[in-house]
Amino acid sequence: MLYKDFLAAAEKVIGERATQRVFSYATNEVLEKEIPGKFMIISDCDGILTDSSSYYDAGGKTFKKYGAYDKEAMKLALAAGIEFQFVTKDSAGAMITFSRLRDFCGEPIALGSGREASMDERIDLIKKYKKAGYRVFYCGDSLSDISVGAVSDGFLTVSNAPNVVQKSADFVAKNKGGYGGFADCIFRVLDSMLQDLIISY
């Protein structure tokens, strides 16, 4: 994909004015260049897409709170050719999570549907895509995510993650999970990908 093709796709997602504010238009020479490489974001769900809380009624039904800011960032990333994988440990609330992910980006391929996605499974997933030539970024907010993120090309977390997780991360979002933190992480990956454009976010 050429840089100019991405910018045209971005305008369809967020409009011309917003695209001009977020992405700095470069020289014609840059716009004709290919966006380099293959990029993958593998992300935990609870605590990254949500505020990490789970809510229960008397019947034990789980409710989760998702933010509104991540969807546009995901659509921009998809327009740029970034691929996503989602993992979860929450088998009980998995269907809620996957329903929201379908709203975000169609039919995601998600590990952990109805079962726990172990630390080793996540590490193996990262290694699989790295071997296939992807630059793989991992988003997580728990202690075990430190070990998973260590094998990725970039470990990203949110501002309400435990302090030790933040200290271990390559990037800490300004916002909390469920409040635009995942969007911040996506823009960090876009910044790595679109090296010849200046991103103001």
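Use the structure listed above.
Below is a short write-up of the structure. (Residues numbered from 1 in each chain as written. Predicted model: local features only at pLDDT ≥ 70, side-chain atom pairs only at ≥ 80, totals over all residues. Heavy atoms only, no water.)

### Some remarks on the overall build of the protein
No. 1: For the protein, the count of helices and strands is nine helices and eight strands.
No. 2: Across the protein, every contact between residues at least 6 apart in sequence was considered, and the portion connecting residues at least 24 apart equals 62%. (Helix = DSSP H or I, 4+ residues; strand = E, 2+ residues; numbered from the N terminus. Contact = heavy atoms within 4.5 Å.)

### Examining the side chain of Asp-184
No. 1: Among the secondary structure elements, Asp-184 is positioned in helix α9 (residues 181-193).
No. 2: At a separation of 3.2 Å, a polar atom in the side chain of Asp-184 contacts the main-chain amide nitrogen of Lys-174. (Polar contact = N/O pair within 3.5 Å; in protein donor to acceptor, adjacent residues only side chain to side chain.)

### Digging into the pairing of strand β3 (residues 62-66)
No. 1: Burial along β3 is one-sided: Thr-62, Lys-64 and Tyr-66 are buried, and none of Phe-63 and Lys-65, which face the opposite way, are.
No. 2: As paired strands, strand β2 (residues 50-56) and β3 are joined by four bridges and run antiparallel to one another. Bridge pairing in β3 places Thr-50 opposite Tyr-66. (Buried < 20%, exposed > 50% of the residue type's maximum accessible area, 1.4 Å probe, protein only. Pairing = 2+ DSSP bridges.)

### So, the nonpolar core
No. 1: In terms of nonpolar packing, the biggest core is built from 56 residues, with Phe-6, Phe-23, Ile-82, Phe-84, Phe-182 and Ile-186 touching the most fellow members.
No. 2: For this core, the element with the highest residue contribution is α9, accounting for eight residues.
No. 3: Apart from residues lying up to four places away in sequence, Phe-6 is in contact with Met-1, Phe-23, Ile-35, Leu-76, Ala-79, Ala-80 and Leu-194. (Core = buried A, V, L, I, M, F, W, Y, C linked by side-chain atoms within 4.5 Å.)

### Overview of the packing of aromatic side chains
The relative placement of two aromatic rings is captured by the distance of their centres and the angle of their planes.
No. 1: Taken as a whole and assessed by the stated rule, the structure comprises seven aromatic pairs.
No. 2: Centre to centre, the rings of Phe-39 and Phe-137 are 6.3 Å apart; their planes meet at 10°, and the pair counts as stacked. Within this pair, whereas Phe-39 is found in strand β1 (residues 38-44), its partner Phe-137 is found in strand β6 (residues 134-139), the two being separated by 98 residues in sequence.
No. 3: For Phe-39, a relative accessible area of 2% puts it in the buried group.
No. 4: The exposure class of Phe-137 is buried, given its relative accessible area of 4%. (Phe/Tyr/Trp six-rings, centres within 6.5 Å; stacked < 30°, edge-to-face > 60°.)

### Observations regarding the pattern of salt bridges
Oppositely charged side chains can form a pair if their charged atoms are brought close together.
No. 1: Within the structure shown, the criterion is met by four salt bridges.
No. 2: We note a salt bridge from Lys-4 to Glu-32, for which the minimum N-O separation is 2.9 Å. Of this pair, Lys-4 sits in helix α1 (residues 3-14) while Glu-32 sits in the loop between α3 (28-31) and β1, placing them 28 residues apart in sequence.
No. 3: The exposure class assigned to Lys-4 is partly exposed, which follows from its relative accessible area of 36%.
No. 4: Judged by relative accessible area, Glu-32 falls into the partly exposed class, the value being 45%.
No. 5: The closest approach of N and O atoms between Arg-122 and Asp-145, which form a salt bridge, is 3.6 Å. Of the two residues, Arg-122 sits in helix α6 (residues 119-131) while Asp-145 sits in helix α7 (residues 143-149), which places them 23 residues apart along the sequence.
No. 6: A single network of salt bridges, built from pairs that share partners, joins Asp-44, Arg-122 and Asp-145. (Salt bridge = Lys/Arg side-chain N within 4 Å of Asp/Glu carboxyl O.)

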